[in-house]
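# Observations on chain architecture
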Amino acid sequence: MIKLDGRATSQSIRQEIAAEVKKLQEKGGKTPHLVAVLVGSNGASQTYVKAKVRDCEEVGFVSDVVRLSETITEAELLQEVQRLNADAAVDGFIVQLPLPRHIDEQKVLMAIDPAKDVDGFHPENLGKMALNLPSYLPATPMGILDLMDRYNIETGGKHCVVVGRSHIVGLPISILMGRNGYPGNATVTLTHSRTTNLPELLRSADIIIAALGKPHFVTADMVKEGAVLIDVGTTRVVDKSKKSGHRLVGDIDYEKAASKAAYITPVPGGVGPMTRVSLLKNTLLAARHK
Ligand code: NAP
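Note that this is a predicted model, so its numbers are computed, not measured. (Residues numbered from 1 in each chain as written. Predicted model: local features only at pLDDT ≥ 70, side-chain atom pairs only at ≥ 80, totals over all residues. Heavy atoms only, no water.)

## Comments concerning the sheet that holds strand β7 (residues 207-210)
Two modes of strand pairing occur in sheets, parallel and antiparallel, and in both the strands are linked by backbone hydrogen bonds. Taken together, six strands build an open sheet; the order of strands is β1-β11-β8-β7-β5-β6 and the sheet is parallel. Whereas interior strands pair on both sides, the edge strands pair on one side only; in this sheet they are β1 (2-3) and β6 (187-191). In the sheet, β1 pairs with strand β11 (residues 263-264) via two bridges, with the strands oriented parallel. Bridge assignment links I2 to a residue of β11, and that residue is Y263. Of the strands in this sheet, β5 (159-163), β6 and β7 touch helix α7 (residues 170-178), which is tilted by about 170° from β6. (Pairing = 2+ DSSP bridges. Helix = DSSP H or I, 4+ residues; strand = E, 2+ residues; numbered from the N terminus. Contact = heavy atoms within 4.5 Å. Axes fitted to C-alpha atoms, helices over the stretch in contact; angles between N-to-C directions.)

What follows is the structure, encoded as structure tokens:
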């Protein structure tokens, strides 16, 4: 069994990005500039944005956080998006989700200039992705593809079962795994809460991508010998033995399933760090496009 080390892999990608930034600067090019828009004071969102700013600093990007009040109106937020769309200094920006209930998330995401949509959530980018055209890929699916690529995992002709159909993970990764390219060319089964024969489907999978958010949902008896196991799930569970009082648990029962797998991602330290570095990759791409 080979552990797919997202920490080490993302660290080498970061070093590559930092080297690219230096090269860009030496040639008199622009330093990539990412802006994160943070509405309200959701604790998890603040943590994510802080991590994104730290990541930017590490690779030499410029980054800003636009902090907006929880009570901002939808029209005011849309105005802010338009301001960032028009700001030539900004290469890419993200609006941290979730937004307060009174704001229509889809409306806000649709207002972002697709050329600056480094989260890859705009329908134009998702549509291009589906057509296998160059686009910003959503961060988690991109991170999964990069991890497979760096470990030279064969995907062509394999049966890939994706569990979960969210717009940010399950749906896009199922399209990407089935596209004509590498990683890709897999025969994909996209499953969800209404799927009736899931254990049976999982047992026939060469590659399982679990993204449903249910701790240890995929058990060893659902896994075929030699399968590739990609665990996207991160559920916080109480753990008094930890200083923080909690730990992150994946959707796959790692301890028991690992012995049957050819490759497996740990949680934490697998898909998570790869997701973070993907935003940096998209921002570098956005700066290069300029
Ligand atoms: P989500 O929006 O929470 O949706 C969950 C999906 O799982 C839905 O499509 C749902 O089906 C499906 N599902 C729920 N119960 C199921 C069951 N018993 N059998 C089969 N399918 C079932 O998903 P998400 O936002 O993609 O998040 C999924 C997990 O990944 C969460 O733990 C999240 O924290 C984690 N995550 C991690 C990263 C990372 O970087 N590591 C990034 C994003 C998300 P229906 O559509 O039928 O309801």
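Now that the structure has been shown, the text picks up again.
## Comments concerning unusual backbone geometry
Note: most residues except glycine have negative phi, and most peptide bonds are trans. The residue after Y182, namely P183, is reached through a cis peptide bond having omega -15°. As for its position among the elements, P183 is in the loop between α7 and β6. Cis geometry is adopted by the peptide bond preceding P268, which originates at V267 and carries an omega value of 0°. Structurally, the position occupied by P268 is in the loop between β11 and α10 (271-289). Notably, N132 is not glycine yet its phi reads approximately 65°, a positive angle. Mapped onto the fold, N132 is located in the loop between α5 (123-130) and α6 (139-150). Its identity as a non-glycine residue notwithstanding, H216 has a phi of 55°, on the positive side. Tracing the backbone through its elements, the reader meets H216 in the loop between β7 and β8 (228-231).

## Some points on the packing of α6 against α10
Relative orientation of the contacting elements α6 and α10 amounts to 105°, with a least axis distance of 7 Å. Judged by the inter-axis angle, α6 sits roughly perpendicular to α10. Facing A139, T140, M142, G143, I144, D146 and L147 of α6, the residues of α10 in contact are V271, M274, T275, S278, L279, K281 and N282. When its residues are assigned to classes, the contact of α6 with α10 shows seven nonpolar, five polar and two charged. (Parallel < 35°, antiparallel > 145°, perpendicular 65-115°, else oblique. Nonpolar A, V, L, I, M, F, W, Y, C, P; charged D, E, K, R; others polar.)

## Structural notes on the side chain of D251
Relative to the helices and strands, D251 is located in the loop between β10 (246-249) and α9 (254-257). Buried charge without a salt bridge: D251, with K214 as the nearest opposite-charge side chain at an N-O distance of 8.9 Å. In this structure the side chain of D251 is engaged in a polar contact, spanning 2.8 Å, whose partner is the backbone nitrogen of K214. Beyond its immediate sequence surroundings of up to four residues, D251 is in contact with A210, A211, L212, G213, K214, P215, H216, F217, V218, D231 and G233. (Buried < 20%, exposed > 50% of the residue type's maximum accessible area, 1.4 Å probe, protein only. Lys, Arg positive; Asp, Glu negative; His and termini not counted. Salt bridge = Lys/Arg side-chain N within 4 Å of Asp/Glu carboxyl O. Polar contact = N/O pair within 3.5 Å; in protein donor to acceptor, adjacent residues only side chain to side chain.)

## What to know about the site of the ligand
As a structural note, the neighbourhood of the ligand is formed by 20 residues, with R165, S166, S193, T234 and T275 the closest of them. At a separation of 2.7 Å, an oxygen atom of the ligand approaches a polar side-chain atom of R165. Calculation on the ligand without its partners gives an accessible area of 930 Å², and the protein chains cover 70% of this total. Residues belonging to the shell around the ligand are distributed by class as follows: eight nonpolar, ten polar and two charged. (Near = heavy atom within 4 Å. Areas by Shrake-Rupley, 256 points an atom, 1.4 Å probe, with all protein chains shown as cover.)

Everything listed is a geometric property; what it means functionally is a separate question.
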